[in-house]
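Chains, contacts and geometry: an overview
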Amino acid sequence: MKEQPRDWLALESQAGLTGEGGRLAEVEEEEGEEAAPAGTAVIQPGMWQPWRDQRGFPLLPDDNPISTVRDSLYDLIPLGPREIKLIGSAPFLRLQKVKQLGFVYRIWPGATHTRYEHSLGCYHLAVRAVRALLQRGNNGGLHGVSLKSVQTLIVAALLHDIGHYPFSHVIEELGHPIIAHERVGRSIIENSEIASILEEEYQLSPERVADFIDPPPGKRLPEDDELLRSLLSGALDVDKLDYLPRDARACNVPYGGVDVARLQGALRIHPAVQGQRRIVVTHKGISPLHSLLHARQEMFDNIYWHHTNRAFQVMLMRAVQEALLAGALSAERLTGLDDASLLTLLAEPQMPPASQALTEALELRRPYKDALEISRPAGQLFQRLDALYWDAQRRRRLEQALAAELARALETEIADYEVLIDIPRPVNWEMDVWVWFANPPVGMEPLVTWVQATGLQPDDLARYELHQRRIRVLVPERLRAPLRAHRQDLLLPLLQRLLEM
């Protein structure tokens, strides 16, 4: 399927990237910078509306759509012929069977939306962000930015979740041999039918699109790709701007409200933020960005970290972990499964008894219950347990040892998979955003950091998160009452002793 490597920049030049009126520019060498290859097409003021490539495709797919998708958030999402081919590919269609919020639908029945819908939403917001910047011309807009970088952003927004495992993020918490979904996505983009669509329809290198989503360590991306990546992964990314309102609507909760249009309308490209171009916001973006931060925090508190959702997640993790350790399931096979096919597989007779039992409980909605909850002020106990997030094998050994000790102490039967420890992933609250004032108020510079503009420190949100994030010991409901009755004299001392071994 894969062809010999091509000179993609040469292909850009040969593709007839000349808009009406000859609006094409050569990238010139700036002092101290390496010159871009001659023939690299870049955006000029006003070119985006009439511009077409040699095959008649516009820069933005919604300038000449051939179809639309009706979406719960944006009403109609326009699609061009190339986008139709991408979303009709087998890897992309699999996302229709992968729920965006995993097991949240077990608590909020409306939360059955999928990674497919979210991916379309991210693509739509990426197009809107590009349009907002294009309309700025050479006054904080995309003037001089490579056309291929713009196209790469739009395609990457559509494909950024293509490598997700069933039930979204939960399986990734197992660590080795499970790899991050971005790396799985790289393999799909570079080796499936998607690669052919990117090469033949977009004249884009699959490797370039994969690098945009999953930047390899130590590899320098094209400068314009690096600039636009912050719209896909960063404080201002279309990912959060879509999933927060989408998840809130699906759950019918009031927490995810963000003024997306106002925030995207405040986007600008500043030519010199600490010596480099950066996407920033004007002062009009401060309020909607502030609401985005709080929407994210509220969604974690009320939805993503809901105790029942977390219980189902750790049950699935342990079921998959047992199957992997027994050799009944491989990490490679997981990447091709969806939610339903994974649960079906884990229930089959060749699977370990632990996987079968946990899967049955998942199917019958029998979540484990918390016998013990540990908060950050618990000090060393919390810290030692928290460290197990990064060591799934050690966590499993602790769970098994705790189950065996409790069974002896209570003189009852407790299977080694009936004591689980839930450790939510730490959340990053860094806000690497700059604010640009056209007419700064007295006391402020035209360009300031988020902290300087708002007075809000990342630690403000981080401290709140540290106190809201709980670690829980989970057990089947039949064991909850006896373990809670002996929490102080049995469960807590046992847990502390086993952690010190």
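Structure: see above.
How each quantity is defined
Residues numbered from 1 in each chain as written. Predicted model: local features only at pLDDT ≥ 70, side-chain atom pairs only at ≥ 80, totals over all residues. Heavy atoms only, no water. Pairing = 2+ DSSP bridges. Helix = DSSP H or I, 4+ residues; strand = E, 2+ residues; numbered from the N terminus. Axes fitted to C-alpha atoms, helices over the stretch in contact; angles between N-to-C directions. Parallel < 35°, antiparallel > 145°, perpendicular 65-115°, else oblique. Left-handed = near helix turned anticlockwise from the far one by under 90°. Contact = heavy atoms within 4.5 Å. Nonpolar A, V, L, I, M, F, W, Y, C, P; charged D, E, K, R; others polar. Polar contact = N/O pair within 3.5 Å; in protein donor to acceptor, adjacent residues only side chain to side chain. Buried < 20%, exposed > 50% of the residue type's maximum accessible area, 1.4 Å probe, protein only.

1. Points about the sheet that holds strand β8 (residues 447-449)
Read from one edge of the open sheet, four strands run β3-β4-β7-β8, paired in mixed fashion. The sheet terminates laterally at β3 (267-273) and β8, the two strands that pair on one side only. Each strand of the sheet is rotated relative to its neighbour by a mean of 45°, with strand direction disregarded. Bridge count between β3 and strand β4 (residues 276-282): five bridges; the pairing is antiparallel.

2. Digging into the packing of helix α6 (residues 181-191) against helix α8 (residues 206-213)
Where α6 meets α8, the closest approach of the two axes is 9 Å, and the angle between their N-to-C directions is 165°. Judged on the interaxial angle alone, α8 and α6 are roughly antiparallel. Note that α6 runs across α8; the crossing there is right-handed. Note on element contacts: α8 touches α6 through P206, E207, V209, A210, D211 and I213, opposite E182, R186, I189 and E190. When grouped by side-chain class, the residues that make up the contact of α6 with α8 number five nonpolar, no polar and five charged.

3. So, the environment of Q452
On the secondary structure map, Q452 appears in helix α19 (residues 450-454). The sequence separation of Q452 and S330 amounts to 122 residues, and the corresponding C-alpha distance is 49 Å. Here T449 takes part through its backbone nitrogen, which lies 2.9 Å from a polar atom of the side chain of Q452.

4. Comments concerning the environment of C251
Looking at the element boundaries, C251 is found in helix α10 (residues 238-251). Measuring from C-alpha to C-alpha, the distance between C251 and R318 comes to 26 Å, with 67 residues separating the pair along the chain. Each residue touching C251, except ones within four places of it in the same chain, is listed here: L101, V104, W108, A111 and I303.

5. Re the sheet that holds strand β9 (residues 471-475)
Strand order in the open sheet formed by three strands is β5-β9-β6, and the pairing between neighbours is antiparallel. Taken across any chain shown, the strands that pair with only one partner, and hence form the sheet edges, are β5 (369-374) and β6 (420-422). Ignoring which end each strand starts from, the neighbouring axes of this sheet average 25° apart. In the packing of helix α22 (residues 487-500) onto the sheet, the strands contacted are β5 and β9, and the crossing angle to β5 comes to about 70°.

6. As for the environment of P215
Its place among the elements puts P215 in the loop between α8 and α9 (223-228). The class of P215 is partly exposed, set by a relative accessible area of 32%. When the C-alpha atoms of P215 and R183 are compared, they prove to be 9.4 Å apart, with 32 residues separating the residues in sequence. If we ignore the near neighbours within four places in the chain, the residues touching P215 are L221 and R229.

These values are about where atoms sit, not about what they do.
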